[in-house]
Amino acid sequence: MILLSERHMKNESRDIICPLHDPKTPQQWEQVVGHQGSFQVGEHGTVLKMFCQGEQQCYQKLMEDTLRPFVPAYYGVVQKDDQDYNMLENLLNNFNSPYIMDCKIGSRTYLEKELQLARERPQPRQDMFEKMVAVDPGAPTLEEQTQKAVLKSRYMQWRETLSSTTTLGFRIEGFKKPNEDCQTNFKKTKSREQVIKALSEFVESNTQIVWGYLRHLRKLRQVLETSDFFKRHEVVGSSLLFVHDCSGKTGVWMIDFAKTSALPPHLTVDHRSPWLEGNREDGYLWGLDNLIDVLTNMLQN
Ligand SMILES: Nc1ncnc2c1ncn2[C@@H]1O[C@H](COP(=O)(O)OP(=O)(O)OP(=O)(O)O)[C@@H](O)[C@H]1O
Ligand SMILES: O=P(O)(O)O[C@@H]1[C@H](O)[C@H](O)[C@@H](OP(=O)(O)O)[C@H](OP(=O)(O)O)[C@H]1O
């Protein structure tokens, strides 16, 4: 471990500990999915994600929670070219030519406040209409066809029902294998069979890798069920990042807390109950149960 000096940091009054990583050694990093232009490779084995205060607050709390081993280490805020970034551990450190997969977990990918906002101040989106038509020209309603735009909440709900989010509580966003392009063509991967086919392709039918992932996921579920952070937060739009390499090493981490928010003190969620507007349920554990079940089935067949 090394100490990163304060002069690298913005608005941070304390030094931070970074993993030992020679700054001159080129870092391997690949972005599988997510917003383009939001990330930079940092020094000392870190990645920089465009600053989001809500996400910073989550990482700060997670560093003190039992979930800490299941999230990238958080090193504070840095500024680069006038832009603030949250500095995170690069989860690809310690893998050789990694295989990487991003699965979005939960039965809902938009916030209740996004729904509310859409009702109060509807802002139809042309880009989302175009993304929708590219997948299914028949999907927009007549009104949407006329406007050539859709509301974000409507687009997100459509994406959920088209994929396995609604039926299984998780969906494959994309994966990247060494020396291959990212595969992100999973918007219509919905049935259990389709999901198993995609997962088998990712692990190249290697049962040792599936066993490795299952071990991590079962442990993660156990920790989630007792975590204070998880008890008190609605976790929406978050992903599990799966990483393995040909040595058989595997890792799974929770990433992307930009839409994770603290629940009001009077409200509790069990992360398994169906969502009804107002109950803030996210279906995270329901999705994790199903993902574990699907991977277990893959070993049995
Ligand atoms: N700590 C990390 N270490 C290694 N890779 C990471 C890390 N965080 C993110 N990534 C890579 O970046 C991708 C996008 O991450 P993330 O989901 O945080 O971005 P986003 O723009 O918020 O996504 P979304 O479109 O779901 O809002 C992941 O799929 C993964 O490939
Ligand atoms: O995967 P797709 O089909 O490209 O759709 C995007 C995806 O759902 C992202 O999660 C979402 O960002 P958030 O999770 O941050 O809402 C983004 O909204 P955006 O375009 O408003 O950023 C969508 O466009």
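Okay, so let's go over this structure. As the structure is a prediction and not an experimental result, all values here were calculated from the model.

## A look at the site of ligand 1
Every one of the 19 residues lining ligand 1 counts as a neighbour, but Val32, His35, Lys49, Glu89 and Asp102 are closest to it. A distance of 2.9 Å separates an oxygen atom of ligand 1 from a polar backbone atom of valine 32. With respect to ligand 1, the side chain of lysine 104 contributes an N or O atom lying 3.1 Å from an oxygen atom. Coverage of ligand 1 by the protein chains reaches 91% of its 630 Å² of free accessible surface. At the level of elements, β4 (46-50) and β7 (99-105) are the ones that each hand at least two residues to the shell around ligand 1.

## Section: the packing of helix α8 (residues 207-224) against helix α10 (residues 284-300)
Interaxial distance between α8 and α10 falls to 10 Å at its minimum, and their mutual angle equals 155°. One way to sum up the angle between α8 and α10 is to call them roughly antiparallel. Handedness of the crossing formed by α8 with α10: left-handed. Contacts between α8 and α10 involve Thr207, Val210, Trp211, Leu214, Leu217, Arg218, Leu220, Arg221 and Leu224 from the first element and Tyr284, Leu285, Leu288, Asp289, Leu291, Ile292, Leu295, Thr296, Met298 and Leu299 from the second.

## With respect to the site of ligand 2
Every residue lining ligand 2 is accounted for by His35, Lys104, Arg125, Met128, Lys131, Lys152, Tyr155, Met156, Arg159, Lys187 and Lys259. One of the side-chain nitrogen or oxygen atoms of lysine 131 is found 2.6 Å away from an oxygen atom of ligand 2. Measuring from an oxygen atom of ligand 2, one finds a side-chain N or O atom of tyrosine 155 at 2.4 Å. Notes on ligand 2: free accessible area 510 Å², of which the protein chains cover 75%. Going through the elements one at a time, α3 (126-135) and α5 (152-162) are the ones with two or more residues in the shell around ligand 2. Counting residues per element, the shell around ligand 2 draws most heavily on α5, at four residues. Its residues assigned to classes, the shell around ligand 2 comprises three nonpolar, one polar and seven charged. Looking at which domains feed residues into the shell around ligand 2, each of domain 1 (2-107 + 169-300) and domain 2 (122-162) supplies at least three.

Reading guide: rules and limits
Residues numbered from 1 in each chain as written. Chains lettered and ligands numbered in written order. Predicted model: local features only at pLDDT ≥ 70, side-chain atom pairs only at ≥ 80, totals over all residues. Heavy atoms only, no water. Near = heavy atom within 4 Å. Polar contact = N/O pair within 3.5 Å; in protein donor to acceptor, adjacent residues only side chain to side chain. Areas by Shrake-Rupley, 256 points an atom, 1.4 Å probe, with all protein chains shown as cover. Helix = DSSP H or I, 4+ residues; strand = E, 2+ residues; numbered from the N terminus. Axes fitted to C-alpha atoms, helices over the stretch in contact; angles between N-to-C directions. Parallel < 35°, antiparallel > 145°, perpendicular 65-115°, else oblique. Left-handed = near helix turned anticlockwise from the far one by under 90°. Contact = heavy atoms within 4.5 Å. Nonpolar A, V, L, I, M, F, W, Y, C, P; charged D, E, K, R; others polar. Domains from an automatic or database assignment.

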